[in-house]
Amino acid sequence: MTSGNILRGTPPHAGSTAYINAHIIDPTADRVYAGAVLISDGKIADFGPNLFASGAPYGIQSVDCRGLHLAPGLVDTRAHTGEPGEEHKETLESAGIAAAVGGITSMVLLPDNEPPFDDASLIEFVARRARQIKLTNMYAYGALTVGLEGKELAEMGLLAEAGAVAFTDADHAVGNAQVLRRALYYAKAFDALIVHLPQEPTLSGGTMTSGEMATRLGLSGSPPLAEVMLVERDIRLVEMTGGRLHLSKISTAESVKVIAAAKARGLRVTCDTAPPYFALNDIAVGDYRTFGKLVPPLRSEKDRQAIVEGLKEGTIDCIVSDHRPQDQDSKRVPFAQAEPGGIGLETLLPVSLELVHNGEITLPQLFQRLASTPARLFNLPGGRLAKGAPADLVLFDSDYAWKIDRSDIWSKTKNSPFDERPVQGLVMATIVGGRTIYCHDNFAPAAAAA
Amino acid sequence: MLGIEGLSPETISGLLDLSESYIDQNRSIDKRRDLLSGRTVINLFFENSTRTRTSFEVAAKRLGADVINMDVATSSVKKGETLLDTAMTLNAMRPDAIVVRHSESGAVNLLSQKVNCTVINAGDGQHEHPTQALLDALTIRRRRGSLQGLLVAICGDIMHSRVARSNIHLLQIMGARVRVVGPPTLMPTDIDRMGVEVHYNMRTGLKDVDIVMMLRLQTERMQGSFVPSVSEYFRFYGLDHEKLKIAKPDVLVMHPGPMNRGVEIDSEVADDLDRSVIHEQVEMGVAVRMACLEALIGGRRNAIGAAA
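Just so it is clear, the model here is predicted, and its values are computed rather than measured.

Caption draft 1: Representation of the packing of helix H1 (residues 9-27) of chain B against helix H11 (residues 278-297) of chain B in the model. Residue and element names in this part refer to chain B. Contact pair H1 / H11: the axes reach a minimum separation of 8 Å and the direction vectors enclose 120 degrees. In terms of orientation, H1 and H11 fall into the oblique class. Note on packing geometry: the crossing formed by H1 with H11 is right-handed. Of the residues in H11, those touching H1 at Leu15, Leu18, Ser19, Tyr22, Ile23, Gln25, Asn26 and Arg27 are Glu283, Met284, Val286, Ala287, Val288, Met290, Ala291, Cys292, Glu294 and Ala295. Of the residues assigned to the contact of H1 with H11, the class counts are 12 nonpolar, three polar and three charged.

Pasting the structure below:
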């Protein structure tokens, strides 16, 4: 299934490469068409339905895409690795490999490591490691507050100078309204984006979502209300400060409703969700399955449907992997003691494609949520098809049927909430800056023949 | 045996019938039989317990099994060993049954996946306590003949109670109607979806009930304030003779113990021999646990069906 090769040593082809006979997904133009893409010097030189319609010109290396889909590579704005601090769970390198296999060409790393990214040197560390690893583009968040404690603002200006693309306290919500208010004000000086997980801390101490399932299992509950309360508070703070806020991992019907209303009022609020919240509900933690223990917790079926609807209508702007590796020691314990989080880099595309296969959204709409919109919000160079844009692309077979299996996972830990799920859609090749960093075995002969 | 949920009425009746057969034996001078001779039972209690652990120990010994009590407080668990490592270590000693109590819901299910002997849940967090529900059922059945059609009120700290959950399942499986009565702060979300009637007031909740099951206020599981004070709790939710008048005249009063007199139950009610069957519950506990052990590791598994 996910058997393929990570290609790291190969230098980018000096000249030009033409990817012909592809179904091109252009999210910004909202179109899918048969055509070709020409890459030169690591950038997109040309693309379109008529390009090389009569065959690639002699002298240019060409790759026959055999009618597969070619799209901007995924831009994942929420991933956690264990480096530095918990390298036994995931290193930047193993995360880079998993991202390559998942078709992710840019990823933004959460700052909740040990030590947390509240110091410019850590942002530089990530950039340096990414250059050494030479796979997916890696960017880092700066911490919003010192030590992610929600009390004092981190050095946002210095962190931004060092390369932090946005600011967040990761899975820690800022409970203190005054702190978030000041952060939103202060960030205006740099036009920085603040990313916040809205979960009222005093209400969200439970281990799963409140409701019948929690009551039956005898587990403490976090009510869906804990989310919408902070969404409403945060929107008022945006209104007051004029700052830019991105709410992460929206999981409830009420939140979608409130965010849609805020957008209609013209406020600078955007949001994302992660595959578990549109593809799973709280039944997935039945039998105390700790792989289904996430932050926020898996919600009811009604909430899940509302998240699908939010993605369809565009209230939810982006889909993130929310990749959070946990080893066996963290998961093979009683549910309440288990660490929350699931891996998601390799399953982001196939699980998200369910939305397309189910007729909820179109392929270009999906790649708006997965690539072009996150790139635009976070001001990253990839995520779009445009002349002169970096040649960050994913080639995939949208119909390929397979089953997610923990023994095929490339990530260091195997804690996928989607373990054993049948899915449709598999990455065949991942291209970053014109360089193929991953190639599936099924596609390898074609690439080699080129 | 991990919980009552999912058991059939036939399995439950079978276990209760088998329990009955032990009551007379337990009341006679010669209490011992050798049905489980050569079998090893390990009591693995991660949470303090006097009555349940002793009850299991007495039950196993009366059937002739070798019983080992693991004192977790002085064991490797305190040295940082994980639950599953402890389970696998004990499993390697080839016991026939491990009786487990743990403070976390689902911990016993998790442990049972890693061992290949019988696992009996002696209470896991706020999830289930199946032998307590069985002994309650046996007590009621002996007094009333059957559970069918009875109206039972389970009162007090429903949220933190595994006894309540196991009893809700068992009583409904056996055809009784169940009310839960307690302050809203101690009522778990969507408890009505488990098929029970919810009451926040003892005056409506106890109306015409056949059985009152009181629950202990589990302050050790509470973080923050669920009720303003013990005296206020007793005033509104403590069972006294005044409130008991609302129930049927021949009402039975039960309590899984340990009781907090003056918190959830008045001493006069607890010691009222016409109403209170609290000590009888403890006696039935031994018989029920003997029946469970026999059914699960006594080689007569098929006699009881799929109790395991």
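Caption draft 2: A look at the interface of chain B and chain A. Counting from both sides, the interface comprises 23 residues of chain B and, opposite them, 16 residues of chain A. In total, chain B and chain A occlude about 1600 Å² of area from one another, counting both sides; carbon and sulfur atoms represent 53% of this. If you sort the residues of chain B by the area they bury against chain A, Glu104, Ser105 and Thr189 of chain B come out on top, with a joint share of 25%. Across the chain B-chain A interface, the total number found is two salt bridges.

Caption draft 3: Structural view of helix H1 (residues 92-101) of chain A. All names here are of chain A. For H1, the buried fraction is high: nine of the 10 residues fall into the buried class. What H1 keeps buried is the set Leu92, Ser94, Ala95, Gly96, Ile97, Ala98, Ala99, Ala100 and Val101. The inward-facing, buried residues of H1 contact strand E1 (4-6), strand E8 (104-109), helix H2 (120-133), strand E9 (137-140), strand E19 (422-432) and strand E20 (435-440).

Caption draft 4: Just the pairing of strand E4 (residues 118-124) of chain B, in detail. All names here are of chain B. Taking burial as the measure, the seven residues of E4 include seven buried ones, the bulk of the element. Relative to E4, strand E3 (residues 97-102) runs parallel, the two being bridged by five bridges. Pairing of valine 100 across the sheet is with asparagine 121, part of E4. Between E3 and its parallel partner E4, the chain crosses via helix H4 (residues 107-112), and the hand of that crossover is right-handed.

Caption draft 5: Structural view of H2 of chain A. Residues and elements named next belong to chain A. In a regular helix each residue adds 1.5 Å, so 14 residues correspond to 20 Å; H2 covers 20 Å between its end C-alpha atoms and thus fits that length. Residues of H2 that are buried: Leu122, Ile123, Phe125, Val126, Arg129, Ala130 and Ile133. Relative to the axis of H2, the buried residues are bounded by an arc of 155 degrees and lie together on one face. On its buried face, H2 is in contact with H1, E8, E9, strand E10 (142-143) and helix H3 (156-162). The positive-phi residue at the C-terminal boundary of H2 is lysine 134, with phi of around 55 degrees.

Caption draft 6: Structural context of the environment of asparagine 176 of chain A. Residue and element names in this part refer to chain A. Inspection of the secondary structure puts asparagine 176 in the loop between strand E11 (167-168) and helix H4 (177-187). Taking the C-alpha atoms as reference, asparagine 176 lies 18 Å from glutamate 155; in sequence the two are 21 residues apart. Leaving out residues up to four positions away in the same chain, asparagine 176 has contacts with Gly150 and Arg233.

Caption draft 7: Local environment of a nonpolar patch on the surface. Residue and element names in this part refer to chain A. A grouping of Leu153, Tyr186 and Phe190 is seen on the molecular surface, where their side chains present a nonpolar patch of about 260 Å² in accessible area. Within the secondary structure layout, tyrosine 186 lies in helix H4. When its relative accessible area of 41% is taken as the criterion, tyrosine 186 is described as partly exposed.

Conventions and cut-offs
- Residues numbered from 1 in each chain as written.
- Chains lettered and ligands numbered in written order.
- Predicted model: local features only at pLDDT ≥ 70, side-chain atom pairs only at ≥ 80, totals over all residues.
- Heavy atoms only, no water.
- Axes fitted to C-alpha atoms, helices over the stretch in contact; angles between N-to-C directions.
- Helix = DSSP H or I, 4+ residues; strand = E, 2+ residues; numbered from the N terminus.
- Parallel < 35°, antiparallel > 145°, perpendicular 65-115°, else oblique.
- Left-handed = near helix turned anticlockwise from the far one by under 90°.
- Contact = heavy atoms within 4.5 Å.
- Nonpolar A, V, L, I, M, F, W, Y, C, P; charged D, E, K, R; others polar.
- Buried area = accessible area lost by both parts, 1.4 Å probe.
- Salt bridge = Lys/Arg side-chain N within 4 Å of Asp/Glu carboxyl O.
- Buried < 20%, exposed > 50% of the residue type's maximum accessible area, 1.4 Å probe, protein only.
- Pairing = 2+ DSSP bridges.
- Right-handed = clockwise from strand over helix to strand, strands pointing away.
- Expected span 1.5 Å × (residues − 1).
- Arc of directions from axis to C-beta.
- Patch = residues over 30% accessible without salt bridge, like charges linked within 9 Å, V, L, I, M, F, W, Y side chains within 5 Å.
- Areas by Shrake-Rupley, 256 points an atom, 1.4 Å probe, with all protein chains shown as cover.

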